[in-house]
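Summary of the model geometry
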Amino acid sequence: MATSDTQSDEMLSSDRGEGGVEEEEIESRVGLSYTLLQIQRDPTALVGLAIITVMTFIAVVAYLDAVVFDYLANYSFFANLGVEQYWFANTVWTHPENDPADVRALLPPAWTENAFGAGTWDHPLGTDHRGRDILVRLFYGTRIAIQVGFISTAIGMVFGTLIGAVAGYYGGWIDDALMRGAETLYAIPFLVLVIAFMAAFGRDLTYAMVGVGITTIPVFSRLIRSRVVSVREEDYIEAARAAGVRDRNIILRHVIPNSFAPVLVQATLQIGVSILIVAGLSFLGYGVQPPKPSWGQMLSNSRGYMLPDPWFSVWPGIAILITVVGFNLLGDGLRDALDPRVNN
Amino acid sequence: MLSYTVRRVLQAIPVMLGIVTITFLLTDAIPGDPVSIMLGPSPSAEQAAAIRAKYGLDQPLYVRYVNYLADVVQGDLGRSLYFGEPVTQKIMERLPVTLLLLVSSFTFALATAIPLGVISAKRRNQPTDHVSRVVALMGVSTPSFWIGLLLIIAFSFHLNLLPATDLIMPWADPASVEGASTRWDVLVTAGEHLIMPTITLGTLQMAAVTRIERSAMLEVLNEEYVKLARAYGVGESTILRKHAFRNAQLPVITVVGLQLTQALGGAVLTETVFSINGMGRLIIRAINNQDYELVMGTTIFFGLTFVIGVILTDLSYAYIDPRVTYGERE
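Brief notes about the overall build of chain A
Secondary structure assignment for chain A yields 15 helices and 2 strands. The contacts of chain A with a sequence gap of at least 6 include a subset with a gap of at least 24, amounting to 66%. Summing over all exposed atoms, chain A offers an accessible surface of approximately 16,700 Å²; the carbon and sulfur share of this is 61%.

Right, here's the structure in full:
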């Protein structure tokens, strides 16, 4: 009797316990902390995060070195401290611009040799067609790639999310008009659209970022609209509306935050795509103008020297590949973390 | 089905109108004077005025817009300022080249990606899956034009196996192809020219389709009806073929449809790398030459292709979705 009682008690309590755990799991499957936990458990996502961190760090150092130090050097206080443009590259690394008297163009990497001579450890990855160090130019190119990736994606994400949320929330003719507009932008091949945009307004990096940002608006607006259409039917939206909350606040505070998970995943992946697009634009001569280095432009320069110095064409591509892989790994990890269906 | 088709076609009209408007305004904003392109830097005033009158450039923007729209509706895309030929003729001249490139790269992409994605899903978390996932990840992360450069370095410059430039049409006259005397020679030469551009353009599509095929298959294999089929003792390969594969193809078709525009953009880069005279290089050259009519014409043509592609994608859902056909069969 007593034993059966305790047994049943145990069964009950264990039942209750299991139920409790399940509820907790369901509860914790949404929210930032759960996502972060999943990411921590996912080694590939961590590799992606590590790549992005390193690349962003390089980009920040390159930005300080090339832009901020150049600006500060105009003030005598900083100039007396020895702050000058390319201070980092000059002291820690090799020379960003070569000594004109001793230009050694198209040197191979340090461990090989080609028709132009043997590589030296002064230029670990070799030199380009003007004798500039390839490693240093890759270093400064990181800044362009990271900047372009983040800013153009931010433009596309902000406008795309707003447009998609408004279209999905209101429905009707507003939806029709906005989504047809997005479809129109999508229908023109993005590379052609961006190039035409840049031909019209300017060839430099700012317009590349804005142009790529505009072409990615439809990606985000379609994505969030498909979520908003179901979110707007939820009870809490109904409650907010009944309580007299204005539409603008409902969209910004309730609709967008509750539909944002796939947008976050897409944004991470889109940064990689944008880096690829801008590299392609630079390859065609639209983007950062020389002498500022970008990876796509370096590849474009290398085209003329593929036979004598193939290494010149290899390095910038590897830099692009690694960076974009980083964003793709993190994006995949985020998707798995936010979508438990695929995960298990 | 018919009414759905009609509705989709009607919905495409505002999109086409939007494409024409965007291209028109964008090309109008490109700085430079078309007259100076045609007549050189310092034309006489009468000549310039004559050209302006001939092309209607002396009229205000909205008049030109309406005129252009009327021409486009009638299928007249105007005359290239640089080549002096009708835009449609120029497109027809270059289109086969780009089409050949697109068809061969999509064939390559689908023929490799679909088996790869299915096997990857079937052998989830086994070595085959890992290899195919890494390949797909690399594929979506690599700039296509860089693949082209590496292929040229390896197969043209070092191994001397494949030609680095140009495309030869398989239907070209043997007399016009260097070193070819029979149809077979032409086909071989065309194939040799096509291999590297196909891989260059197709790798991204291949990788993208592999990834979506894998995740779509995994999702379907998790569905209740697949578990039920398994519980009934249906063989794993039958489940894969009959129950899972077909249902998994909807997202794949969407992605392939959308990849089409991306591929047209990628064709610009591939054609630049391999010096192929196709639509992509035509459009870049037109932008660089400020050849407004050609820019507008080619962009509108691309847009139309995309709109048709999207409609075909939507219609193919109805064909592939089993919920439509099951009703008829059982």
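Once the structure has been displayed, the description carries forward.
Quick notes on the interface of chain A and chain B
Listed per partner, the contact involves 48 residues of chain A and 47 residues of chain B. Both sides together, the interface formed by chain A and chain B hides about 4,200 Å², and carbon and sulfur atoms give 75% of it. Across the contact surface, chain A and chain B share 1 salt bridge. The salt bridge involving Arg211(B) is made with Asp332(A); its shortest N-O contact spans 2.9 Å. Along the contact surface separating chain A from chain B lie 7 residue pairs in polar contact (both at pLDDT 80 or more). Secondary-structure elements contributing two or more residues to the side of chain A that touches chain B are α7 (172-187), α8 (190-201), α12 (261-283), α13 (295-302), α14 (311-338) and α15 (340-343) of chain A. By residue class, the composition of the side of chain A that touches chain B is 32 nonpolar, 8 polar and 8 charged.

Focus: the side chain of His123(A)
All names here are of chain A. Relative to the elements of secondary structure, histidine 123 occurs in the loop between β2 (117-118) and α6 (134-170). The class of histidine 123 is buried, set by a relative accessible area of 12%. Reaching out from histidine 123, the side chain makes a polar contact with the side chain of aspartate 133 at a distance of 2.8 Å.

A few points about helix α8 (residues 183-221) of chain B
With 39 residues, α8(B) extends only 48 Å from end C-alpha to end C-alpha; this falls clearly short of the ideal 57 Å at 1.5 Å per step. Of all the bends in α8(B), the greatest measures close to 45 degrees and is centred on Gly202(B).

Remarks on the nonpolar core
Counting residues in each nonpolar core, the largest one holds 130 residues, and the members touching the most others are Leu138(A), Leu191(A), Ile195(A), Leu281(A), Leu284(A), Tyr68(B) and Val307(B). Each of domain 1 (2-73) and domain 2 (92-165 + 196-320) of chain B gives at least three residues to this core. Each residue touching Val307(B), except ones within four places of it in the same chain, is listed here: Ala187(A), Ala12(B), Val15(B), Met16(B) and Ile19(B).

Structural notes on the confidence of the model for chain A
All names here are of chain A. Residues with a pLDDT of 70 or more make up 86% of chain A, whose mean pLDDT is 81. Within chain A, no element has a lower average pLDDT than helix α1 (residues 2-28), which sits at 42, and none a higher one than α13, at 92. Residue range residues 1-28 is modelled with pLDDT below 50. Its contacts to residues more than four positions away, or to other chains, number 1 contact.

Focus on the domain arrangement of chain B
Think of interface size as the accessible area that goes away when the parts come together; that is how it is often given. All names here are of chain B. When cut into domains, chain B gives domain 1 (2-73) and domain 2 (92-165 + 196-320). Computed over C-alpha atoms only, the centres of domain 1 and domain 2 are separated by 33 Å. Taken residue by residue, the interface counts 20 residues in domain 1 and 16 residues in domain 2. Interface area for domain 1 against domain 2, summed over the two sides, is near 1,600 Å², with a carbon-plus-sulfur share of 77%. The largest per-residue losses of area from domain 1 upon contact with domain 2 belong to Arg8, Thr27 and Tyr68, which jointly make up 30% of the total buried on that side. Our count for the contact surface shared by domain 1 and domain 2 stands at 0 salt bridges. Inspection of the region where domain 1 meets domain 2 yields 1 residue pair in polar contact (both at pLDDT 80 or more). For the side of domain 1 that touches domain 2, the secondary structure elements donating two or more residues are α1 (2-29), α2 (34-39) and α4 (61-73).

Focus: the side chain of Asp128(A)
Residues and elements named next belong to chain A. Relative to the helices and strands, aspartate 128 resides in the loop between β2 and α6. Accessibility expressed as a relative area gives 1% for aspartate 128, which makes it buried. In terms of polar contacts, aspartate 128 uses its side chain to reach the backbone amide nitrogen of arginine 132, at 2.8 Å. Within the structure, the side chain of aspartate 128 is placed 3.5 Å from the side chain of arginine 137, a separation counted as a polar contact.

Some thoughts on the packing of aromatic side chains
If you walk through the whole model with that rule in mind, you get 13 aromatic pairs over all chains. With 5.2 Å between their ring centres and 85 degrees between their planes, Tyr169(A) and Tyr170(A) make a pair best called edge-to-face. Ring geometry for Phe24(B) versus Tyr65(B): centroids 5.3 Å apart, planes at 65 degrees, classification edge-to-face. Of the two residues, Phe24(B) is situated in helix α1 and Tyr65(B) in helix α4; the sequence distance between them amounts to 41 residues. Taken as a pair, Phe24(B) and Tyr65(B) share a single burial class, namely buried. Here a set of aromatic residues connected by ring pairs shows up, and it is made of Trp111(A), Trp311(A) and Trp315(A). Taking the ring centre of Tyr286(A) as reference, the NZ or CZ of Arg203(A) above it sits at 4.1 Å. Above the plane of the ring of Phe83(B) lies Lys90(B), whose end atom (NZ or CZ) is 3.9 Å from the centre.

Description of the packing of α6(A) against helix α9 (residues 205-231) of chain A
All names here are of chain A. With their axes 5 Å apart at the nearest point, α6 and α9 run at an angle of 35 degrees to one another. For the element pair α6 and α9, the recorded crossing hand is right-handed. Tallied by class, residues from the contact of α6 with α9 come to 19 nonpolar, 11 polar and 1 charged.

How each quantity is defined
- Here the residue numbering is sequential within each chain, running from 1 through the sequence in written order.
- Key to labels: chains lettered from A, ligands numbered from 1, both in the order written.
- Reporting in this predicted model follows two pLDDT cut-offs: at least 70 for local features of residues, and 80 or more for side-chain atom pairs to be given and counted; totals over whole chains, interfaces and linings ignore these cut-offs and use all residues.
- Heavy atoms throughout the structure, all of them, feed into the side-chain values; hydrogens and water do not.
- Put simply, DSSP marks the helices as runs of H or I at least four residues long and the strands as runs of E at least two long, and each gets a number from the N terminus on.
- We call two residues in contact whenever any of their non-hydrogen atoms come within 4.5 Å of each other.
- Per-residue accessibility takes into account occlusion by the displayed protein chains alone, with areas from the Shrake-Rupley method and a 1.4 Å probe.
- Buried area: the accessible surface (1.4 Å probe) lost by two parts on joining, summed over both.
- Salt bridges are defined as contacts in which a side-chain nitrogen from Lys or Arg sits within 4 Å of a carboxyl oxygen from Asp or Glu.
- Any N or O atom pair separated by 3.5 Å or less is treated as a polar contact, with the protein-specific requirement of one donor-capable and one acceptor-capable atom, and with residues adjacent in sequence counted only for side-chain atom pairs.
- Throughout, the ten residues Ala, Val, Leu, Ile, Met, Phe, Trp, Tyr, Cys and Pro are labelled nonpolar, Asp, Glu, Lys and Arg are labelled charged, and all others, Gly among them, are labelled polar.
- Only protein chains enter the calculation, and the probe is 1.4 Å; a residue is then buried if its accessible area is under 20% of its type maximum, exposed if over 50%, and partly exposed in between.
- Multiplying 1.5 Å by the residue count of a helix minus one yields the expected span of that helix.
- Bend, in this description, refers to the angle at a residue between axes fitted to the seven residues ending there and the seven starting there.
- Among buried residues, those of type Ala, Val, Leu, Ile, Met, Phe, Trp, Tyr and Cys that are joined through side-chain atoms within 4.5 Å constitute a nonpolar core.
- What fixes the domain bounds is an automatic or database domain assignment.
- Scored from 0 to 100, pLDDT records how confident the predictor is in each individual residue.
- For this analysis, a ring pair means two rings from Phe, Tyr or Trp (six-membered ring only for Trp) whose centres lie within 6.5 Å, classed as stacked if their planes differ by under 30 degrees, edge-to-face if by over 60, and tilted for the remaining angles.
- Working rule: Lys NZ or Arg CZ, within 6 Å of ring centre, within 35 degrees of ring normal, means a charge sits over the ring.
- Here an angle of 0 to 180 degrees is reported between the N-to-C directions of two axes, which are lines fitted to C-alpha atoms, with helices fitted over the stretch in contact.
- Left-handed is the label given to a crossing in which the near helix is rotated counterclockwise from the far helix by less than a right angle, and right-handed is the label when the rotation is clockwise.

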